[in-house]
Amino acid sequence: MTGQALWQAEDVVRAVRGSSLHEQSWQASGVSIDSRTVVPGDLFVAIKGPAQDGHDYVAAAFANGAAAAIVSRQPAQAPSGAPLVFVEDTLEALRELGRAGRERTKAKIIAVTGSVGKTSSKEMLRLCLSAVGHAYANPGSLNNHWGLPLSLANLPPEADFGVFELGMNHAGELSDLSRLARPHVALITTVEAAHLEFFANVEAIADAKAEIFEGMEANGAAILNRDNPHYARLAAAAKNCGVKKILSFGHDDKADARLAAYAASPEGGKIDAVLSGTKIHYTLGAAGKHLALNSLGVLLACTAAGANAEACAMTLARYSPPKGRGVVQTIMLSDGMLTLIDDSYNANPASVRASIGVLASRAPAKSGRRILVLGDMRELGKTSSALHAALAENIIAANIDLVFCCGAMMRHLYEALPEKLRGGFAPDSAILAPLVADAVRGGDIVTVKGSNSMNMPAVIAAIKTLGIDPQQKKAV
């Protein structure tokens, strides 16, 4: 990962309570559980999952330059004399290595969760805190029972700040992750109807999110969305876990970070806020009032971690959304420029409403249209059909011109829309993609969103194939 020594052989063996067949001296500059991403110097951990067994890829990891591997049995075709650390359970060994990485750091640890905005807030925190120190954050969405320990194992000992996204879709998951991360600061972006298939109601989701407080360090701080209807419930849970410092953000006059004004632009948004009684103005490099609000939570988290809020805020003009989370692209068509908003990474009712709001805030070119392409929102349980249909009200209010849908649940939305807004429906994204590609034209603004399993990037790809090379005047 860094080229510098992250782990010495003896420290790894001690942390995972492992053993080696031979006395070996090696050092690792990173930790990986995927042989395809191993770079020279990485320690490879052979995790056995439901579909694949990492032990089958130990040889490939060494071929890519792994310094050593943690295994629970002798792997086939491993190079002779390759440094192997034997343990009973490699996933538990990864957890122990992550625990050791957390134990040795002096970094301020910030944990982020929420129904919407976890990854974007985590990336804002990485950007902000990098302006005032050495900041590390877990890459991508490595936020679960193996992603978090892997991220902690890769935490550089010299880091000043460690930012970790924590995810869950069942009760009890965040409790375990929080006790592993032991955050000094915990940020909950919001609580919404997501993963309802696994919860009785949204209040139960709030209780599950509040588990993030259970592993907090003494004198830690909780950062909460004061506009959320579950604010009081979350604040009470934090207090019950011994958290004495509770800070809030939102529109509410009582919020410690209050959004006073927001103006969207094609480049992002201009924000006027009051932070702990002080007026502050800054630019955010991505559009959306939901992102603006989350940026206030981010700044509160920065100050709670000991960073200068103004220095952190000034970096947010350089923020760009992670892949599939609102990335804006322009595509030259034969009849003009099309704007494509790739928000295809995932979806729940709150994130779809936010995406609709961003689309509504952008003005199409002359004769252009606002076009929304949606796939099913998964894991909503018995309320799914009603939650899908309810989006029609938001779409109509946002002056969206045309809507394309795919998936069994999105049919409920499609049928709830006025006839003039119905662009097309298909059972899946593969069939929908060419319908969308045939319909779009220069001047349009197109937003694509849906749950991961709906493969909405297929629609993105179909639109991109329409692009014309301005130099050679041909499709690219």
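What you see is a predicted model; the values in this text were computed from it and never measured.

Student: Please clarify how the environment of Arg369 should be interpreted in this entry.
Tutor: By the secondary structure assignment, Arg369 is in the loop between helix H11 (349-361) and strand S18 (370-375). Here Arg369 falls in the buried class, since its relative accessible area comes to 15%. Setting aside anything within four residues of it in sequence, one finds Arg369 in contact with Pro364, Asp401, Leu402, Ala439, Val440, Arg441, Gly443, Asp444 and Ile445.

Student: Sorry if this is basic, but what is going on with the environment of Lys420 here?
Tutor: Turning to its location among the elements, Lys420 is positioned in the loop between helix H14 (410-416) and strand S20 (422-426). In this structure the C-alpha to C-alpha distance between Lys420 and Ala221, which are 199 residues apart in sequence, comes to 50 Å. With near-sequence residues (within four places) excluded, Lys420 lies in contact with Asp401 and Leu402.

Student: I tried to follow helix H7 (residues 202-209) on my own but got confused; where do I start?
Tutor: An α-helix turns once per 3.6 residues; consequently, residues spaced three or four apart project the same way. Taken together, the buried positions of H7 are occupied by Ile205, Ala206, Ala208 and Lys209. Taken end-on, H7 shows its buried residues confined to a sector of 160°, consistent with a single buried face. Summarising the contacts, the buried residues of H7 are in contact with strand S7 (108-113), helix H6 (173-181), strand S10 (185-188) and helix H8 (231-240). Taking the backbone nitrogen of Glu203 as reference, a side-chain oxygen 3.2 Å away marks Asn201 as the first, capping residue of H7.

Student: Can you walk me through the side chain of Thr189 in this structure?
Tutor: In this fold, Thr189 is placed in the loop between S10 and H7. Residue classification places Thr189 among the buried residues on the basis of a relative accessible area of 1%. Among residues more than four places away in sequence, those in contact with Thr189 are Val112, Thr113, Gly114, Ser115, Val116, Gly117, Lys118, Ser121, Asn225, Phe249 and Asn294.

Student: Can you help me understand unusual backbone geometry in this one?
Tutor: Note: most residues except glycine have negative phi, and most peptide bonds are trans. Of note, Arg17 is a non-glycine position whose phi angle comes to about 55°, a positive value. Relative to the elements of secondary structure, Arg17 occurs in the loop between helix H1 (9-16) and strand S2 (27-28). Positive phi, close to 60°, is recorded for Asn399, a residue that is not glycine. When you line up the elements, Asn399 lands in the loop between helix H13 (391-397) and strand S19 (402-406).

Student: Even after reading the chapter, I still don't get the pairing of strand S5 (residues 68-71), so can you show me in this structure?
Tutor: Both faces of the sheet carry side chains from a regular strand, because those side chains alternate between them. A two-sided burial pattern is seen for S5, the buried positions comprising Ala68 and Ile70 on one face and Ala69 and Val71 on the other. Where the polypeptide runs from strand S4 (residues 42-45) across helix H2 (residues 58-63) and back to S5, its parallel neighbour, the crossover connection is right-handed. Two strands pair when backbone bridges link them, and S5 and strand S6 (residues 84-86) are joined in this way by three bridges, in the parallel orientation. Following the sheet pairing, Ile70 is matched in S6 by Val85.

Student: Which parts of the structure should I look at to understand the packing of helix H15 (residues 429-439) against helix H16 (residues 457-464)?
Tutor: Helix packing geometry: the angle between the two helix axes and the distance between the axes. Interhelical geometry of H15 versus H16 gives an angle of 30° and a closest axis separation of 8 Å. One finds that H15 runs roughly parallel with respect to H16. The chirality of how H15 crosses H16 is right-handed. Residues Ser429, Ala433, Val436 and Ala437 of H15 touch H16, and the partners they reach there are Ala458, Val459, Ala462 and Ile463.

Student: Mind showing me how you'd approach the packing of aromatic side chains here?
Tutor: Two aromatic rings, taken as a pair, are described by how far apart their centres are and by the angle between their planes. Evaluation of the coordinates by the stated rule reveals two aromatic pairs. Between Tyr136 and Phe164, the ring centres sit 6.0 Å apart and the planes meet at 55°, which makes this aromatic pair tilted. Separated by 28 residues along the polypeptide, Tyr136 in strand S8 (residues 135-137) and Phe164 in strand S9 (residues 161-165) bring together distant segments of the chain. Owing to a relative accessible area of 9%, Tyr136 belongs among the buried residues under this scheme. Among the residues examined, Phe164 registers a relative accessible area of 0% and is labelled buried. Taking 5.8 Å as the distance between ring centres and 40° as the angle between the ring planes, the aromatic pair formed by Tyr414 and Phe425 counts as tilted. Taken together, the residues Tyr414 in helix H14 and Phe425 in strand S20 connect sequence positions eleven residues apart. Like Phe425, Tyr414 is buried. Its guanidinium or amino end placed over the ring of Trp7, Arg104 lies 3.7 Å from that ring's centre, counting from NZ or CZ.

Conventions used here
- Residues numbered from 1 in each chain as written.
- Predicted model: local features only at pLDDT ≥ 70, side-chain atom pairs only at ≥ 80, totals over all residues.
- Heavy atoms only, no water.
- Helix = DSSP H or I, 4+ residues; strand = E, 2+ residues; numbered from the N terminus.
- Buried < 20%, exposed > 50% of the residue type's maximum accessible area, 1.4 Å probe, protein only.
- Contact = heavy atoms within 4.5 Å.
- Arc of directions from axis to C-beta.
- Polar contact = N/O pair within 3.5 Å; in protein donor to acceptor, adjacent residues only side chain to side chain.
- Right-handed = clockwise from strand over helix to strand, strands pointing away.
- Pairing = 2+ DSSP bridges.
- Axes fitted to C-alpha atoms, helices over the stretch in contact; angles between N-to-C directions.
- Parallel < 35°, antiparallel > 145°, perpendicular 65-115°, else oblique.
- Left-handed = near helix turned anticlockwise from the far one by under 90°.
- Phe/Tyr/Trp six-rings, centres within 6.5 Å; stacked < 30°, edge-to-face > 60°.
- Lys NZ or Arg CZ within 6 Å of the ring centre and 35° of its normal.

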